[in-house]
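For reference, the chains in residue letters:
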Amino acid sequence: MVSSGIPAIDALTGGLPRGCLTEICGPASSGRTTFLLAALAAATRRGEFCTLVDASDALDPHSAASAGVALDRLLWVRCGESSTQKNNSPQRQRVTEKHRNQKEGCPISRASFAREVGISSRAVPERRLEQVLRATDLLLESGGFGLIVLDLADLPLQAARRIPLTTWFRFRRTIEHTPTILLAIEQHPIAGSCSSLLLQLGAQNNPEETENNDDELQIDPPTHAHLLTELNINAELIRSRLERKPARSVTFATKTAWAG
Amino acid sequence: MPFACIYVPNFPVAAVLRAEPELQARAVAILEGTPPLDKIIAVNEKAARMGIAPAMTKPQAELCSELALRPRSHLQESTAHAALLDCAQSFSPCVEDTACDTALLDLAGMESLFGSLPEISHAISNCAATIGLAANVAVASNPDAAVLAARGLCGAGAPARVCVTVISAGKEAEYLGPLPVEILFPDRLEGEEKEETARLLETLDRWGIRTLRALAALPEVALSERLGQEGLRLQKLARGAASRTLVPIEAPLLFEEAVELEHPIVLLEPLAFLLNRLLEQLCARLASRALATQELRLSLDLSNLTGIDEESDVGIPSESDGCESKENMWGQPPKPALSEVEEPALSLSKGAVRRSEAPLLHHRQTQFRRTLRLPQPMLDAKIFLKLLQLDLNANPPGAPIVKIHLAAEPARPRSAQGGLFLPPTPEPEKLELTLARIAAMVGEQKVGAMELLDTHHPEGFRMQRFVAQAPPEKPPKKTAASTEESIVTALRRFRPPLRAHVTLENGQPTSLVCKKKDVQGNVLWKAGPWRFSGDWWEREAWSRDEWDIALQNNTVIALYRLVHDLLGGDWFVEGTYD
């Protein structure tokens, strides 16, 4: 077991198990990406090389740097349509060279920023999923990574559920008896019994809980006096095949990068 | 001081057989000259048994159906010669480039490294076989005796045999005695040298001197009176008593292999077959010099029809995108392989003109170059082949190939000290192959490591090559999460940002509608605006107001970053705080 980078989670689960599949589930703004970056930061601090297979190309490099991830130790696989696939498709809007500068990944010009750049990174979910699974197979076969993260959080549930259990089983068998941690981030659990650890995350602030709590949700102006400083995340241990722990949950707070 | 000679008999044939090993079992003859006056200049043993001899014309040779005729290739001979020198230099630092088919080595001091002289000789012979050359090896106490011994087993007219000979000091005359006198002269002479040699041989023949023993037994004074200093020189060679120093070469570290094709190839599969052979030869040569390579340069000479538009999207039909398994993980059959295409020659380009319709088109050659740069020095022919295949799949040449040239930049092999307690690290060879395969799927710019740029632009980063190498120790950078006590809230981006239609009240967003159904509704909470701008001195300036908003998302409240582009006037949802 190794640290997940979040002390509260480590106290709840004992850490992330090596050679096993861990699932982190939750809706939007539940802290999944925060957990992901904390785990990557902890792994890179240990000197390990990590991989993020990003099904939706959703990683924010500045957030990763703020979280303490060593960017030169992180291999980022951005799934979606490649440039050759985009050029060959008559339905794709081609981004011409004059709208690109040396900054990769930037919607650069005023015109291109204001214009949706085709549907290049919103390729059909099945194609992305196929890329994710192939890339994961290749990375697991290559070996040598301390942490491999599959970010399926933005994939539609129907698409994510199409992954057969045999695939998850194959992933689990590949990393068994290796020091590699396989971490899957998703909206709902999809790996079934193949995952050794299943955590459900949720934001502590929801409409039912904050009706009478006007401190966190202030609707009154002026808005420039408001500042998003922290999120409270609730983590519930749904399943752990490693140690018999009673199902319980913990709450931890995350701070925004500008909160200081 | 012992000297070794490596001699490759029938060098033009040997060079061709090195490039085409499948011809070893066949009768082979080499042609040279301008058609229709081209003639055979060299044959192998099988062809000689069939009655094919040098100076035959091509029509005469073609009467033998089992004979493989090949034109003389100076390119292949030069690469074979380079390989011969590499082999020699792996055994001794003092190597003389005596002839294109002969190399001399000074073995002084090498016995303590490689063993006895017979062991060294056999090792040299094996090394030559590894690089595709069948060589005779002879060791003697002086260079000329070694050369004569190495050539003598493949003397004029005798079938070539590979053998290893070690002549003890003082026994040179005994070993060299039975050899014919013709062996004292080089094989291919021209002009005055040829005439002079013919006169000498005729003279010796009239005297009844046909072997080196007979020449060695002649009285020196009488010989010098008849043949002069040249006669005395030849007698010393015949006795094995000539003595000279080697003229060592400083061979450049040039590792190149090339092959010219008789017929252009249009499929990637035969190209891969040829590349595999070239790579194995290159790797064997590098290994013989204890080197690796960090850069491979592939240059293909293309035969281009003038009717082809070079700007169009042309290409040799390629294999499926990096997937080698017979079925993909969905159990579906793969895309048809290149060899299954019915008319591959016609699928080169979309706008190509068929040969039958344009008989008057001219051919002109163009070059296609690819460079494969590796993160660390490697020496694995299979990995190199796979990387080249993936690269050619993504960037096909676009025309038939008539010549292949492959060069490797030598580098010191990497050395790494493993540790018991070090974290796992990907193997460089496997990692490079994996990255190439993933890049073939998602695109070259979509896989790698990130590098933040010195800009305030929210997407100010670029992708760079991922190298699994431990960086030098540097003081840890202070970030908000440098200790594990505080966890930083992450932003999850939408790429591209989601266009939103925002309803404003007093200049503040109160509700928004987006294409993504989950991201819409009344704004429950908002913070901002925070104004950012930059690059105003560049052509692509940007200026934006950022809001942090809370929206009801089914049963939970989700936090989003809403951006107002001040220059374009549009609103976007850039990401969600997750």
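Residues numbered from 1 in each chain as written. Chains lettered and ligands numbered in written order. Predicted model: local features only at pLDDT ≥ 70, side-chain atom pairs only at ≥ 80, totals over all residues. Heavy atoms only, no water.

**Points about the overall build of chain B**
Consideration 1: Looking only at helices and strands, chain B has 14 helices and 21 strands in total.
Consideration 2: Buried positions account for 51% of the 578 residues belonging to chain B.
Consideration 3: Across chain B, contacts joining residues at least 24 apart in sequence account for 65% of those joining residues at least 6 apart.
Consideration 4: Here chain B has roughly 29100 Å² of accessible surface; of this, 52% comes from carbon and sulfur atoms. (Helix = DSSP H or I, 4+ residues; strand = E, 2+ residues; numbered from the N terminus. Buried < 20%, exposed > 50% of the residue type's maximum accessible area, 1.4 Å probe, protein only. Contact = heavy atoms within 4.5 Å. Areas by Shrake-Rupley, 256 points an atom, 1.4 Å probe, with all protein chains shown as cover.)

**Re helix H14 (residues 428-442) of chain B**
All names here are of chain B.
Consideration 1: An ideal rise of 1.5 Å per residue puts 21 Å on 15 residues; H14 measures up with 21 Å between its terminal C-alpha atoms.
Consideration 2: In terms of burial, H14 is largely enclosed, as 12 of its 15 residues are buried.
Consideration 3: Along H14, the residues classified as buried are Pro428, Glu429, Leu431, Glu432, Leu433, Thr434, Leu435, Arg437, Ile438, Ala439, Met441 and Val442.
Consideration 4: Gly443 sits one or two positions beyond H14 and adopts a positive phi of about 110°. (Expected span 1.5 Å × (residues − 1).)

**Structural notes on the packing of aromatic side chains**
Consideration 1: This structure, assessed with the given rule, holds 6 aromatic pairs over all chains.
Consideration 2: Plain terms: the ring middles of Trp168 of chain A and Phe171 of chain A are 6.0 Å apart, the flat faces sit at 90° to each other, and that makes the pair edge-to-face. Note that Trp168 of chain A and Phe171 of chain A are positioned in helix H8 (residues 165-175) at a spacing of 3 residues, about one turn of the helix.
Consideration 3: Among the aromatic residues, those joined into a cluster by ring pairs are Phe49 and Phe145 of chain A together with Phe466 of chain B.
Consideration 4: Across the ring face of Phe49 of chain A, the terminal group of Arg73 of chain A is positioned such that the distance to the ring centre comes to 4.7 Å.
Consideration 5: One cation-aromatic arrangement involves Arg78 of chain A over Trp76 of chain A; the distance from NZ or CZ to the ring centre is 4.5 Å. (Phe/Tyr/Trp six-rings, centres within 6.5 Å; stacked < 30°, edge-to-face > 60°. Lys NZ or Arg CZ within 6 Å of the ring centre and 35° of its normal.)

**Some thoughts on the nonpolar core**
For soluble globular proteins, nonpolar side chains are generally found buried alongside one another.
Consideration 1: Judged by nonpolar contacts, the single largest core of 51 residues is most densely connected at Phe35, Leu40 and Leu147 of chain A.
Consideration 2: In terms of residues, this core owes the most to one element, helix H2 (residues 32-45) of chain A, which gives 8 residues.
Consideration 3: Among all residues touching Leu40 of chain A, those that are not within four sequence positions of it are Cys50, Val69, Leu74, Leu147 and Val149 of chain A.
Consideration 4: Counting 39 residues, the second largest nonpolar core, distinct from the first, contains Val53, Leu139 and Leu152 of chain A together with Phe466 of chain B. (Core = buried A, V, L, I, M, F, W, Y, C linked by side-chain atoms within 4.5 Å.)

**A closer look at the confidence of the model for chain A**
All names here are of chain A.
Consideration 1: On average, chain A scores 78 in pLDDT, and the residues at 70 or more come to 72%.
Consideration 2: Note that residues 85-122 has pLDDT below 50 and, in this model, 75 contacts with residues that lie over four places away or in other chains.
Consideration 3: Low pLDDT, under 50, characterises residues 206-218; the stretch is placed with 17 contacts to residues that sit more than four places away or in other chains. (pLDDT = per-residue confidence, 0-100.)

**Comments concerning the sheet that holds strand S5 (residues 95-99) of chain B**
All names here are of chain B.
Consideration 1: The strand order across the open sheet built from 5 strands is S5-S6-S1-S7-S8, with neighbouring strands paired in mixed fashion. The sheet is open, and its two borders are formed by S5 and strand S8 (164-166), each paired with just one other strand. For this sheet, the mean inter-axis angle between neighbouring strands, taken without regard to orientation, is 15°.
Consideration 2: The pairing of strand S7 (residues 136-140) with S8 spans 3 bridges and is classified as parallel. For Ala138, the partnering residue across the bridge sits in S8 and is Thr165.
Consideration 3: Packed onto the sheet, helix H4 (residues 74-89) meets strand S1 (3-7), S5 and strand S6 (102-106) and runs at close to 150° relative to S5.
Consideration 4: On top of the sheet, helix H6 (residues 117-130) reaches S1, S6, S7 and S8; it is set at about 155° to S8, its chief contact. (Pairing = 2+ DSSP bridges. Axes fitted to C-alpha atoms, helices over the stretch in contact; angles between N-to-C directions.)

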